[in-house]
Amino acid sequence: MQQAVQQSVKKAVIPAAGLGTRFLPATKSQPKEMLPVVDKPSIQYVVEEAVAAGLTDILVITGRGKRAIEDHFDRNFELEYSLEQSAKHDLLAEIREINELADIHYIRQRDPRGLGHAVSVARAHVGTEPFAVILGDDIMVDDGQLLRSMIEVHEREGASCLALLEVAPSEISAYGCAEAEVVADGLRRVVDVVEKPRPEDAKSNLAVIGRYVFTPGIFDALERITPGVGGELQLTDAIELLIQTEPVFGRVFTHGRYDIGQKLDFLRANIEIALGRPDLGPELAAYLRALVHDQLS
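Everything quoted here is computed from the prediction, not taken from an experiment.

Re the packing of helix α10 (residues 263-275) against helix α11 (residues 281-296)
With their axes 7 Å apart at the nearest point, α10 and α11 run at an angle of 125° to one another. The orientation of α10 with respect to α11, classified from their angle, is oblique. Of the residues in α11, those touching α10 at Ile271, Ala274 and Leu275 are Gly281, Leu284, Ala285 and Leu288. By residue class, the composition of the contact of α10 with α11 is six nonpolar, one polar and no charged.

What follows is the structure, given as structure tokens:
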């Protein structure tokens, strides 16, 4: 019997050092990554996605005031004992499953110098291996399908791969913008990237979204960049340099993403994810129908 070939991408980096100012005052005393989407903190969705894509070694880049993230994925013996004594076995199993999701490590980004700098501090942990970068502001509800497809591109091409989403031309200034050539259905060869261009200057409406699979060559590129938009070290600038030395591909996707760094999308994620759950969906749907009826009457 032929054995399955193990994927070479096993590590994920999750930058989680941001201040979360868009959600103040809620984030004054808790990390934005711990804000719940229905009944799980947003970072748990991200970790579960990584695990679903076969990534078992996860490095979280944290900062000051982020200890709650570490506590969430650690054991809580008092809570487990209380649940066990109360015969709440389903909840106990769920809590223990969080502790066993993956091998999770933490390192601090001492200076808030942007996303590019956050990724660069992962170099010692990643070493010379390919790895994924997953941004916590974007949660994907797709059982890891997009990330797995990006890893497959890396395995086949030996190259980095970016997640790309078509957005309205008026919205491209909020994203990194990719100029790309069609390779196949849903697959592009990226020839240039620009961070937050003006709509009239953008070469396409393909936005770079918070999922990346990188070769270790990205670290050399990160060492060469200088502060860019906002005075920060931009990951997009490093990708632009990487393109000059090795191929970079893009996987175009269309659904499953919630930008929970935006308040409206955060609310949409809570509603739509809850609607998809059998324990909450029917009752919530009935409430929403009644609410809409009352608003329109």
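Still more ground to cover, so stick around.
Section: the side chain of Ser149
Relative to the assigned elements, Ser149 resides in helix α7 (residues 145-157). Separated by 2.6 Å, the side chain of Ser149 and the backbone oxygen of Leu146 make a polar contact.

Here's the deal with the state of the cysteines
The tally for this structure, following the rule as stated, stands at zero disulfides. The thiol of Cys161 is unpaired, and the distance to the nearest cysteine sulfur, on Cys177, comes to 17 Å. You can call Cys161 buried: its relative accessible area is 0%. When its relative accessible area of 3% is taken as the criterion, Cys177 is described as buried.

Side note on the packing of helix α8 (residues 217-224) against helix α9 (residues 235-243)
Running from N to C, α8 and α9 cross one another at 115°; their axes reach a closest spacing of 8 Å. Classified by the angle their axes make, α8 and α9 are roughly perpendicular. The handedness of the crossing between α8 and α9 is right-handed. In contact with Gly217, Ile218, Ala221, Leu222 and Arg224 of α8, α9 contributes Leu235, Ala238, Ile239, Leu241 and Leu242.

Some thoughts on the environment of Thr226
In this fold, Thr226 is placed in the loop between α8 and α9. On the basis of relative accessible area, Thr226 is assigned to the exposed category, the value being 55%. Placed 91 residues apart in sequence, Thr226 and Leu135 show a C-alpha to C-alpha distance of 22 Å. In contact with Thr226, not counting residues within four places along its chain, are Glu232, Leu233 and Asp237.

Remarks on unusual backbone geometry
Following Leu24, the chain continues to Pro25 via a peptide bond in cis, the omega torsion being 5°. Mapped onto the secondary structure, Pro25 falls in the loop between β1 (11-15) and β2 (36-37). In this structure, Val38 is a non-glycine residue whose phi angle is positive, near 65°. Relative to the helices and strands, Val38 is located in the loop between β2 and β3 (40-41). Although it is not a glycine, Ala87 sits at a positive phi angle of roughly 60°.

Conventions we followed
- Residues numbered from 1 in each chain as written.
- Predicted model: local features only at pLDDT ≥ 70, side-chain atom pairs only at ≥ 80, totals over all residues.
- Heavy atoms only, no water.
- Axes fitted to C-alpha atoms, helices over the stretch in contact; angles between N-to-C directions.
- Helix = DSSP H or I, 4+ residues; strand = E, 2+ residues; numbered from the N terminus.
- Parallel < 35°, antiparallel > 145°, perpendicular 65-115°, else oblique.
- Contact = heavy atoms within 4.5 Å.
- Nonpolar A, V, L, I, M, F, W, Y, C, P; charged D, E, K, R; others polar.
- Polar contact = N/O pair within 3.5 Å; in protein donor to acceptor, adjacent residues only side chain to side chain.
- Disulfide = S-S within 2.5 Å.
- Buried < 20%, exposed > 50% of the residue type's maximum accessible area, 1.4 Å probe, protein only.
- Left-handed = near helix turned anticlockwise from the far one by under 90°.

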